[in-house]
Amino acid sequence: MWKAVVTAAVAFVLLFCRSSTLDNGLARTPPMGWLAWERFRCNVDCVDDPYNCISEELFMQMADRLAEDGWKELGYNYLNIDDCWMSMDRDEQGNLYANKTRFPNGIKKLADYVHSKGLKLGIYLDFGTHTCGGYPGSIKYLQKDAETIAGWGIDMLKMDGCYANVSDMSWGYPDMEMYMNKTGRPILFSCSWPAYAGGIKVNYTAIADHCNMWRNYGDIQDSWDSVTNIIDWYGNNQDILVPAAGPGNWNDPDMLIVGDYSLSYEESKAQMAMWAILAAPLFMSNDLRSISPEARSILMNKEVIRISQDSLGMQGRRVIKGTNKVETWIRQVQAKDTFAVAFLNRREDGMPYNHTLTLGSLNFTSSMGYEVVDVYDNRRYGHFKLDTKLTVSIDPNGVVFVYAYPSK
C-alpha cells in the first residue's frame, strides 16, 4: 500500500499505468469464505453425479448455505469457484465463457445471485497456457480476462500457475494486477506465484506489492499428515514468511478441511486454531449442505475467528518446537501485551498429555501476571505470574488454544 501522499497528477498516472504496489483496499484482515477445490475437485460429471459436480447449481446451493446458516454473519462472505468451470475453448473473439451445460446462465447471472445473498463471488484463472485441469490459460489474454471477470461482477481472483514458465511470473502477476486495477472494480487477488517459484525463494516484498494473498506451498489434501506438513513448513520458514504478512497481504497455507472425511474432532480443532495463529485466510472446502454439528461448531467459533481477524494482522510464530512433541505457537493480538497461544500436541500415543511451562519461558513480560482462558470453551485456567507453572492437558494430535492477557 502507498505510505506517502501522492499528488493528484501522479495518482492519475498510476491509475492507467502499472502501479508499483497493490492498492485495492481489500483484505485488511484475512479473507474468509468457501472454496470448491479440495472437496469437489474437477468433478464435471453432472449426468451421473449431479449433486457433486462443478456447476451453477452447486454454487447456488453453497451460496444459500453461507447466507442462511449463519456463516456470512461470522465473516465467511466469499464463495469461490475453482478450476474446471470454463468451456474448453474461447469464443471467436477470444473471450472466456463458462461451460454451457453446467453453467447454463453464465457467470454473470451466478454473480448476481451470489450478490443478492450479500456474498462475494470468486473465480479461478491460470497464468499459463492452460489451467491445471486443461482449460484455457490466460498468459496471452491477461487484459481481456481481467476485463471479462470485472464485467461479470467478480470480487476475487485466484490465479494459478500451471503450464507457465516461472521466469514469466515476475511480470505476469503484476500485469494482471494492473489490468484488474484499470477496470475500476476492486478484485481481491490471490496468487500462486511463490508456490511455483520455490516457496521461500522469492522476493516477498514484490509479491506483496501485487497480491493480497498467496499460496507458498503444495495443495492441502484430506489428511492430518497434509495439515501437519504445512504447519511444519510454515514453522521452519517463519523468519521469511512472518515479515511478509500484514493487513492487505497474507500468506495462504490453503483451505480448511474441517468437515470433510479424514480429520478427527481434535485434529479439526487443531487445524482451525493453527490457521488462526498463522493469520491465514479462512476458506473452507467442505459440503455445507451436510456438515456435522461438531465441524460447524469449530468453524463457527467466534473467539477463534476473532483471533484470526485481529486488526494488528501479525502472523504468529512457533516459539518452542518439540518439547516432548508439544509445540508452542504464539500470535500477538491488538490488545496491549495480549497473546493467543496454541499448544499443539504431535504425540500419537493414545492418551492426553500434561504439558507444563511458565509464561516467563515464553518471554511474556507483564509484572502483574496474566489471566489464561481457553479459546474454544471459555474455560478459565486462572491467574499466572511469570514464574507460576501452567499445566494444560492436550489430546493426541490435538491443541489447547488459549488467550493470555495481562491481569489488572
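Just so it is clear, the model here is predicted, and its values are computed rather than measured.

Enquirer: Explain the overall build of the chain residue by residue, including any values.
Expert: Scanning the chain for helices and strands turns up 14 helices and 16 strands. A globule of 408 residues ought to have a C-alpha radius of gyration of about 22 Å, and the chain, at 22 Å, matches this closely. With respect to the three principal axes, the spread of C-alpha positions in the chain is 70 × 55 × 35 Å. Counting only residues that meet the buried cut, the chain has 57% of its 408 residues in that class. Of the contacts made within the chain by residues no fewer than 6 positions apart, 71% connect residues no fewer than 24 positions apart.

Enquirer: I'd like a description of helix α3 (residues 56-68), backed by residues and values.
Expert: Counted at 1.5 Å a residue, the expected span for α3 with its 13 residues is 18 Å, and the 18 Å between its end C-alpha atoms agrees. For α3, the set of buried residues is E56, L58, F59, M62, A63, D64, L66 and A67. Residues of α3 that are buried sit in contact with β1 (32-35), α2 (37-40), α4 (71-74), β2 (78-80), α5 (106-116) and β8 (282-284). Looking one or two residues beyond α3, the residue adopting positive phi is G70, at roughly 95 degrees.

Enquirer: Provide a residue-level description of the pairing of strand β13 (residues 370-374), including the pertinent values.
Expert: β13 sits mainly inside the fold: 5 of its 5 residues count as buried. The alternating pattern of β13 places Y370, V372 and D374 and E371 and V373 on opposite faces, both of which are buried. Judged from the 4 bridges that link them, β13 and strand β14 (residues 380-384) form a sheet pairing that is antiparallel. Considered in β14, the bridge of V372 is made with G382. Strand direction decides the pairing type here: β13 and strand β16 (residues 399-406), joined by 5 bridges, are antiparallel. Its bridge partner lying in β16, V372 is registered against A404.

Enquirer: Go over the nonpolar core, please, and point to the residues and values.
Expert: Where a protein is soluble and globular, its nonpolar side chains tend to be buried together. Y76, W85 and F401 are the most contacted members of the largest nonpolar core, which has 114 residues in total. Per-element tally for this core: the top contributor is helix α12 (residues 265-277), with 7 residues. Leaving out residues up to four positions away in the same chain, Y76 has contacts with M32, G33, L66, W71, L119, M272, L282, M284, L299 and I305. Of all hydrophobic cores here, the second largest spans 20 residues; its members include F339, V341, V392 and V402.

Enquirer: Provide a residue-level description of the environment of P30, including the pertinent values.
Expert: Tracing the chain through its elements places P30 in the loop between α1 (8-16) and β1. For P30 and E56, which are 26 residues apart along the polypeptide, the C-alpha to C-alpha distance reads 27 Å. Here P30 is in contact with W250, A279, A280, P281, S308 and Q309, once residues within four sequence places are set aside.

Enquirer: An account of the sheet that holds strand β6 (residues 213-215) is needed here, citing residue identities and associated values.
Expert: Taken in spatial order, the 8 strands make up an open sheet running β7-β6-β5-β4-β3-β2-β1-β8, and their pairing is parallel. Two strands in the sheet have a free side with no partner beyond their single neighbour: β7 (250-252) and β8. Taken pair by pair, the neighbouring strands of this sheet meet at an average axis angle of 25 degrees, ignoring direction. Bridge analysis of strand β4 (residues 156-160) against strand β5 (residues 188-191) gives 4 bridges, and the strand direction is parallel. Counted as the bridge partner of L157 is F189 from β5. Most of the contacts of α5 go to strand β3 (residues 120-126), to which it runs at about 145 degrees, and overall it touches β2 and β3. This element, helix α6 (residues 142-152), spans β3 and β4 of the sheet and lies at about 160 degrees to β3.

Thresholds applied
Residues numbered from 1 in each chain as written. Predicted model: local features only at pLDDT ≥ 70, side-chain atom pairs only at ≥ 80, totals over all residues. Heavy atoms only, no water. Helix = DSSP H or I, 4+ residues; strand = E, 2+ residues; numbered from the N terminus. Rg over C-alpha atoms; globule rule 2.2 N^0.38 Å. Buried < 20%, exposed > 50% of the residue type's maximum accessible area, 1.4 Å probe, protein only. Contact = heavy atoms within 4.5 Å. Expected span 1.5 Å × (residues − 1). Pairing = 2+ DSSP bridges. Core = buried A, V, L, I, M, F, W, Y, C linked by side-chain atoms within 4.5 Å. Axes fitted to C-alpha atoms, helices over the stretch in contact; angles between N-to-C directions.

Coordinates in, geometry out; function isn't part of it.
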